Each structure stands twice: as structure tokens, then as C-alpha cells.
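# Architecture and fold: a report
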Amino acid sequence: MWEPKQIMMNGELLPFEDARLHPLSLAVTYATTVFEGVRAYQIPDAGTFAFFRLAEHVRRLQAGMKLMRFEQIYDVEFLQDCLTRLVQANEPDSDVYIRLLVYVEGTGLLKTCGPVGFTAAAMPRKKPIFAETGMSLGVSSWQRLSDNSSPPRIKCTANYHNARLTMLQAKSDGYDGALMLTADGKVSEAPIACFFMVRDGQLITPDKTSNILESITRETIITRYKELTGNAVEERVVDRSELYFAEEAFLCGTGQEILPVTSIDRLPVGDGVVGPLTSQLRQDYFDIVRGVSDEHPEWRTVI
Ligand SMILES: Cc1ncc(COP(=O)(O)O)c(C=O)c1O
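Overview of the structure.

Cut-offs applied
- Residues numbered from 1 in each chain as written.
- Predicted model: local features only at pLDDT ≥ 70, side-chain atom pairs only at ≥ 80, totals over all residues.
- Heavy atoms only, no water.
- Helix = DSSP H or I, 4+ residues; strand = E, 2+ residues; numbered from the N terminus.
- Buried < 20%, exposed > 50% of the residue type's maximum accessible area, 1.4 Å probe, protein only.
- Contact = heavy atoms within 4.5 Å.
- Phe/Tyr/Trp six-rings, centres within 6.5 Å; stacked < 30°, edge-to-face > 60°.
- Lys NZ or Arg CZ within 6 Å of the ring centre and 35° of its normal.
- Near = heavy atom within 4 Å.
- Polar contact = N/O pair within 3.5 Å; in protein donor to acceptor, adjacent residues only side chain to side chain.
- Areas by Shrake-Rupley, 256 points an atom, 1.4 Å probe, with all protein chains shown as cover.
- Nonpolar A, V, L, I, M, F, W, Y, C, P; charged D, E, K, R; others polar.

A few words on the side chain of Ser293. Structurally, Ser293 can be placed in the loop between helix 6 (276–289) and strand 15 (300–302). Overall, the relative accessible area of 15% leaves Ser293 in the buried class. Ignoring anything within four residues of it in the chain, the contact list for Ser293 reads Asp287, Ile288 and Arg300.

See below:
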């Protein structure tokens, strides 16, 4: 498998191991960082790669920069050019996962908003281990943070303290992953992915006010489900006890792609195997991201 050769900082390519950031920068001291995980998939027949939904990732990044009052906001064209150069410089021979971080690189006080800098790195990514078999989830005793404390709808680094505590607890409790509940005890999301379940044949996902990240993969699934079945996904508040009546469940995200969930709190989801709708949506997702399907060419930016 290929290895990262070059990393990009503030538009300049440099050897991967030479990246540096001051430890007293606000990015390190106060986690003053927003970031994205973006994928560039190999397009089998064209011998090239395509970013998946790059414009949407940049829009979410810009929303984060605005909310955090960064003194500079990068535009789509600039970042697209930077990421294209980054991928080309790394000469990948399989799918690429890109981490794009924008932060206050200046040192200073809590209210410092610049100078702003960015780092982009391209890495290979192995297929998630639960992709075929499905995973077990446990409902965490850590509560999902809320819009009025640290808004989960932006992808800021600080939010991942909450996610990490949840993930570590799940691991020590013997689960493959976790689900977090809101302060009201309603289902929110997993530490690094959104949640879908099927109940009475209907696909359901917690709504955007359930303290979730405004996930691009979630939106992709909502769109494709409607196009494939003619039905709308129910976006609504989900009670914890509904989890135990689900016929199917899965997690989704750019990094995780679509991961079937086969048990929650040690109760089987449906028959405890990967469900048919989950399999159908996964296959459709991979066909779309790789351009095997002609649908939604506007979601793919060919490099
Ligand atoms: C907390 C959280 N929720 C959901 C997602 C999925 O978001 P997306 O589909 O935009 O990658 C992620 C992954 O980035 C995440 O970190």
C-alpha cells in the first residue's frame, strides 16, 4: 500500500515528516481548529481519482470557520486546487483519505482569531474492519454535547473530546462502538458517524436538532433512499427504547462509509445479521462514489 510522501501547509508542499506547528498556538492550547475528512476514490475505468462531495465538505468547513470567528476564510477554488496538488504529489495507487485542518496558528489569548493556517494530508485507508460482518454498539453513559455549549453541527476539534471519551468507554466495555444520547435521553449519533435504523420497514435517522454533525454521508443516504424507493427517510427524534425494536441499523460517515450494526446493548438488531436495505444502500453508495453508477456526477470532482 502507498505511503504519504508530501504534506501541505498553507499551500506549500513539504516532506510528510517535516510538518511543524507551535505548541503554544491556539490550535494546540484551545483546540481552535475545524477540520474535514474527505475521500478521493479511485475511478476504476478512467485511471484517475475523484473527490466525493468536496464542495459540501468545504462549505461545512467554512461554516465552522465563521462560527469560530476565524479572521480568514478559505474559498472552495483555492482548497480544491491545494487538495488536487496534494493528491498528485503523493502518487497514490489506491483510495485516498484526506485530513484537512484549519486553525489559528498564532499564539495568544482565548479571543485570538488569527493568523489562520491550514494543513492537508493524504493517506491510504484500510477498509473498516466491521464493514462486512457488522458491529456491536453500546449506549454510552457519556452524554452528547449540545448546541448551546459546543455546537456539534460543526466539525471542530474540541468536539472530539466528547467523542473520544465515548469511544474509550465502549472499548473498555467490550463493544465495537457506541451511541450517544442527548441531555434529554434521545438518540444522537456515534462518536465519528451518524446513525440510521429501520423500524416497521421505515428508514429513520435522528434529526439535525439531535446534536449531530451535519453529515454529508447522511445527506447522501437521505437523497439516494428517496430516489431508490420513492419514500422519504423519517428525520425525527428517536427514543432510546426504539433502538431495541430496530430491524436493521447502520452507521455512516466519510471515513466509516456504511457500517452495519448487528447488536445494540447486546440485544440483536433484527436477526443479528447485516440487513437487506443496509446491503443495498452500501452497494449503491460505493457505485456512486466510484462513478460505477452515472447518477449524481455533480458529487464527484475528477482530479
Ligand atoms: C461526529 C461525527 N458524526 C458524523 C460524521 C459523518 O460525517 P460525514 O458524513 O460528513 O463524514 C462524522 C465524520 O466526520 C463525525 O465525526
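Additional details are given in the paragraphs that follow.
For the structure on display, the rule yields eight aromatic pairs. A centroid spacing of 5.0 Å and a plane angle of 10° characterise the contact between Phe196 and Phe250, whose relative ring orientation is stacked. Placement of the pair is Phe196 in strand 9 (residues 194–199) and Phe250 in strand 12 (residues 248–253), with a sequence separation of 54 residues. Residues Phe196 and Phe250 agree in their burial class; the two are buried. A centroid spacing of 6.0 Å and a plane angle of 65° characterise the contact between Tyr285 and Phe286, whose relative ring orientation is edge-to-face. Residue Tyr285 is classed as buried on the basis of its relative accessible area of 5%. According to the relative accessible area criterion, Phe286 is buried, its value standing at 19%. Among the aromatic side chains, those forming a connected cluster through ring pairs are Phe52, Tyr285, Phe286 and Trp299. A cation sits over an aromatic face here: Arg125 above Tyr97, 4.2 Å from the ring centre.

Moving on, we come to the site of the ligand. Looking at the ligand, there are 16 residues lining it, with Lys155, Tyr160, Glu189, Thr217 and Thr254 nearest. One nitrogen or oxygen atom from the side chain of Thr217 is found 2.5 Å from an oxygen atom belonging to the ligand. For the ligand, an oxygen atom lies 2.6 Å from a polar atom in the side chain of Thr254. Contact with the protein chains removes 96% of the 380 Å² of surface that the ligand exposes when unbound. Residues of the shell around the ligand, tallied by class, amount to eight nonpolar, four polar and four charged.

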